[in-house]
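Spelled out from the first residue to the last, the chains are:
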Amino acid sequence: MAEMENEQLSSVEPTQNDPLQAAKQDTKVNESSDDDGELEFETFSDKLNIEDDETIKKDDDDDLYVSVDDPDKHITTMETYITYRVMTKTTRSTFDECEFEVRRRYQDFVWLRENLIEDHPTFIIPPLPAKFVMKGMLDRFSSTFTETRCNALHKFLYRISKHPVVSFNDHFKTFLTSKEFSAARKQSFMSRVSGSLKWTKVQNPEFEEVLENVTIFGEKMGVADRIAERLLLEKRELITELREFAPTFTEWASSEDDVIEPIMQSVSSSLESCAEEAEKNVKAHELEFLPPLKEYALYADAVKQVLKKRDIFQSQFERCNEDLKRKKDEKDNLPKSDQSYSIGAMLGKNPELVREQKEEKLSQQIEELSIRREMLSDDLERANTNLRADLDRWNELKIKDVAELLSNFAQSQINYHNGCLSAWEGILPTMQDPEEKEEVMDPVT
Amino acid sequence: MASSDDGDIFEEEGVEVPKAPIKSVNKENKDDKQMLSQLKITVSDPEKKTKQSGLKMQETFVVYLIESSPKTEDSTMIEEVSSLWRRYSEFELLRNYLVVTYPTVIVPPLPEKRANFIWTKITATDTFDADFLERRRGGLESFLHRIAGHSKLGCDKLVSDFITKEEGFREKVTATGFQAKSDSWLKKVNASLRVKQPDIRFEQLKCYANQLHEGASALLKVRAKLAERVYGIYKIHGNYARVFKEWALTENSDLKLALQKASNEVEVWANSIDTLIDEEDIIAEQLKEYLYFADSLKTVCKKHEAQQYDVEWYENQVMLTMTEKKKVLTGNTKAFSLSGMKARLLGGDTAEQTEQKLEQLDKNIRDLEDKFESHRSQASDFLEEALQEVEIFKKRKRMDLREIFISYTILQIKLHREGCAKWGKFKSLFDNLLKS
């Protein structure tokens, strides 16, 4: 479902840019950081689990504010594309200045996201809006499409800026600040390690349950999106038909007497008002309701990707563990084994010597494997912890976003009904004889 | 020559016709002798019935129960509750009889034979479909009410027989001989295309009838489209009910509860369209009556034209005969006319013959003038009465249309109030979530 191009799972070798990993190697994460401003970083280097850190939670998130607006069309001989203005306001000392303004195009966002995923395999990176238009109804340069995409890109950067770890990513900073961005992009591209590891199934009830729930959630978002698309089509037709209906009243009214004629004219004008209300409703539907549905379907996919990567961490660890165990067993069995038929013996070596050499080799291997196992175990632990924390954050965010989405949807429905209601209530008194005005029935709700 | 034919324009030679009572039409429907004020009439319970028709064939048709009961204690029309079964074709027969018998009256229309302007929830164009029968039932009831409420039609014996005596209706109607009259004026209707001076008011009425027909058709057509669209939109929203329910299963927080409640709210709201659209369909059926009333209007215009045609014809005949008389008096000087040649060949008329001819012509002229006069006065009476009936119709129409459009408006208000309320509830579910 995701239109993301990043389908491959990049190598899980931790790169230089993962601050936690870098922290393991040396305490300084970022050359340009000052000690006093980077409380978060120091604690990162000491602690493994971000959610243990109280300061981060209490910290006011507004030390970094990012916005996307002002889509602008560029026409060159090669292509036509749109750039967006990306503005940054920050008090962080990791940045050279307080304010930045750059222009970026969709491809640049894609570059950013791919890098973030590679740098932070254990964190959930927000999705980008779809690359292509699904139904082909609107073209790439229609204002609705551009506006929707602009809003989605803004949300994307906003979410990243609010992430306690990812917001400090170097590529992110480059994206926000660099004036010679295309050069920076190309450079980074080459340094990307690409390699894919096959995802194997591992056992982990906790994360399996999460995967199941997220999968169902993603499906439901997809269904909701399809229903919403259908509704959009129907609502558009409704507007057309209301506008067709209204004139049938005025047409007929022209041959009626002066009691009926004004009544029919009133009905006609009410219908026109309803058509206008329906137009507003459709606009809200298109710009405010549909995009978040699509976004969360993509977001579910992003979560699934991270879960899969975590599984890889786990499988790597488990394999290493098995290897280690095998080697240990081999070593333990060595004294009892008969080396007479070993290859070494056949080449003329003394079986005893062969045994000794083997034992030494195994010991070395076991040593190396043990170190690696420790490292992988730490990786896994950290991955699990990070992911748990991020999942919690994601769930909280999701609840809030979903509640807002549905509340707003209901609000636009209420606005539509209210608008129509006042149109109809407005004409009723003129239609009724002042003497015979009856109480308009209240519907049973 | 037929006996005096005052009061009936469709008289054929030798056929006796019961005179239609000419009642003053100035009173409103509050006359105590009015059928409608005395009786409560209902049409209900459409039921299928089968019977033998012809050799080996069976006929299946629908019958409707007509019940009448006295409204007040001193109703003289019927003593007690009467109930009987009638089928659609019997209503048709009654109506055809009334159209012929009361030519000045704009006879109320019957509900349509086949479903027009119907949108489909389920396919509803089959004549035995429940929705179709229900619409027809309503239309038949309205038809009877309008007839019973009419000062002339309501007093007709056959009308009261129709609702009180089940047997023998068909025979009684046939006995009136209305069918022959109906056939004869159909012939005249075709001839009436050549009317030279139709009354301008009827020309206007014809024009209005066309506009009414066109206007109502256009309106009803779009209404049906719109009803289907609105119905569809509500039902599509209903699909969210299932999505929310299934989604709720994956949540385990306040969101779960909110989603489950929201699912119910959406389902209830989506289903609310059923009753609302049914109400709108009923209003549309009432509007349809006026679509078919346009035909009744045109019929009256045609009757006027038929009469006018007769008047003009007799007028013309009188003129022709007078011209003929003149010719005889002045003698025929035209050398190449037929009579001129006859005179040449066979010798001219004797004085006696001329005298005889003149006598005959005078008699003819007198007869024609009488006929002309009677037709003229008949036409003028018809005109006057018909125009009064048109005024009654217009008054009724004004009331009815006003009612219809007010009902429509009230229904819209109801629909939108419900929409506000339901979505308000829905919204508060998620607003509460945001607050906590």
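Residues numbered from 1 in each chain as written. Chains lettered and ligands numbered in written order. Predicted model: local features only at pLDDT ≥ 70, side-chain atom pairs only at ≥ 80, totals over all residues. Heavy atoms only, no water.

> Can you help me understand the UniProt feature "coiled-coil region" (unreviewed entry) in chain A in this one?
When the UniProt feature table is mapped onto this chain, "coiled-coil region" (unreviewed entry) is found at residues 359-397 of chain A. Taken end to end, residues 359-397 of chain A has its terminal C-alpha atoms 55 Å apart, with 100% of it in helix and 0% in strand. (UniProt positions renumbered as here; feature names shortened; annotations may be inferred. Helix = DSSP H or I, 4+ residues; strand = E, 2+ residues; numbered from the N terminus.)

> Help me understand the sheet that holds strand 2 (residues 58-70) of chain B in this model?
Residues and elements named next belong to chain B. One open sheet accounts for three strands, arranged 1-2-3; its pairing is antiparallel. At either end of the open sheet lies a strand with only one pairing partner, and these are strand 1 (39-52) and strand 3 (82-87). Within this sheet the neighbouring strands show an average axis-to-axis angle of 25 degrees, counted without direction. Contacts from helix 2 (residues 88-101) reach strand 2 and strand 3 within the one sheet, and its direction differs from that of strand 3 by about 95 degrees. Relative to the sheet, helix 4 (residues 157-164) contacts strand 1, strand 2 and strand 3, its axis offset from that of strand 3 by approximately 100 degrees. (Pairing = 2+ DSSP bridges. Axes fitted to C-alpha atoms, helices over the stretch in contact; angles between N-to-C directions. Contact = heavy atoms within 4.5 Å.)

> Would you take a moment to explain unusual backbone geometry for this structure?
For residues that are not glycine, phi is negative in most cases, and the peptide bond is trans in most cases. Residue and element names in this part refer to chain A. In this model, D70 sits at a positive phi of 55 degrees, which is unusual for a non-glycine residue. Take D70: it is sitting in strand 1 (residues 64-75). For D70, a relative accessible area of 40% gives the class partly exposed. (Buried < 20%, exposed > 50% of the residue type's maximum accessible area, 1.4 Å probe, protein only.)

> Help me out: how do you make sense of the interface of chain B and chain A in this one?
Size of an interface: often given as the accessible area lost when the parts come together. Each partner contributes residues to the interface: chain B has 58 residues there, and chain A has 65 residues. Carbon and sulfur atoms make up 75% of the surface buried where chain B meets chain A, a total of about 5,800 Å² over both sides. Across the chain B-chain A interface, the total number found is nine salt bridges. Residues R229 of chain B and E241 of chain A are paired through a salt bridge, measuring 3.0 Å at the closest nitrogen-oxygen approach. (Buried area = accessible area lost by both parts, 1.4 Å probe. Salt bridge = Lys/Arg side-chain N within 4 Å of Asp/Glu carboxyl O.)

> Would you explain the packing of helix 4 (residues 106-119) of chain A against helix 5 (residues 143-161) of chain A in this entry?
Each pair of packed helices can be described by the angle between their axes along with the distance between the axes. Residues and elements named next belong to chain A. The geometry of helix 4 relative to helix 5 is characterised by a closest axis approach of 12 Å and an angle of 30 degrees between their N-to-C directions. Of the possible angle classes, the one that applies to helix 4 and helix 5 is roughly parallel. The element helix 4 and its partner helix 5 pack so that their crossing is left-handed. In contact with Y106, F109, L112, R113 and L116 of helix 4, helix 5 contributes R149, L153, F156, L157 and I160. For the contact of helix 4 with helix 5, a count of residues per class yields eight nonpolar, no polar and two charged. (Parallel < 35°, antiparallel > 145°, perpendicular 65-115°, else oblique. Left-handed = near helix turned anticlockwise from the far one by under 90°. Nonpolar A, V, L, I, M, F, W, Y, C, P; charged D, E, K, R; others polar.)

> Even after reading the chapter, I still don't get the packing of aromatic side chains, so can you show me in this structure?
The relation between two aromatic rings is expressed through the spacing of the ring centres and the mutual angle of the planes. Residues and elements named next belong to chain B. Under the defined criterion, the tally for this structure stands at 33 aromatic pairs over all chains. Both rings, one in F162 and one in F169, keep their centres 5.0 Å apart while their planes meet at 70 degrees; by these two values the pair is edge-to-face. A single burial state applies to F162 and to F169, both of which are buried. Centroid distance Y234 to W269: 4.1 Å. Interplanar angle 20 degrees. Geometry classified as stacked. (Phe/Tyr/Trp six-rings, centres within 6.5 Å; stacked < 30°, edge-to-face > 60°.)

> Looking at this model, I keep getting lost on the pairing of strand 2 of chain B. Mind explaining?
Successive residues of a regular strand alternate their side chains across the two faces of the sheet. Residue and element names in this part refer to chain B. In terms of strand pairing, strand 1 meets strand 2 through 12 bridges, oriented antiparallel. Paired with K51 across the strands is E59, a residue of strand 2. Relative to strand 3, strand 2 is paired through six bridges, and the arrangement is antiparallel. Across the sheet, S68 pairs through a bridge with S82, a residue of strand 3.

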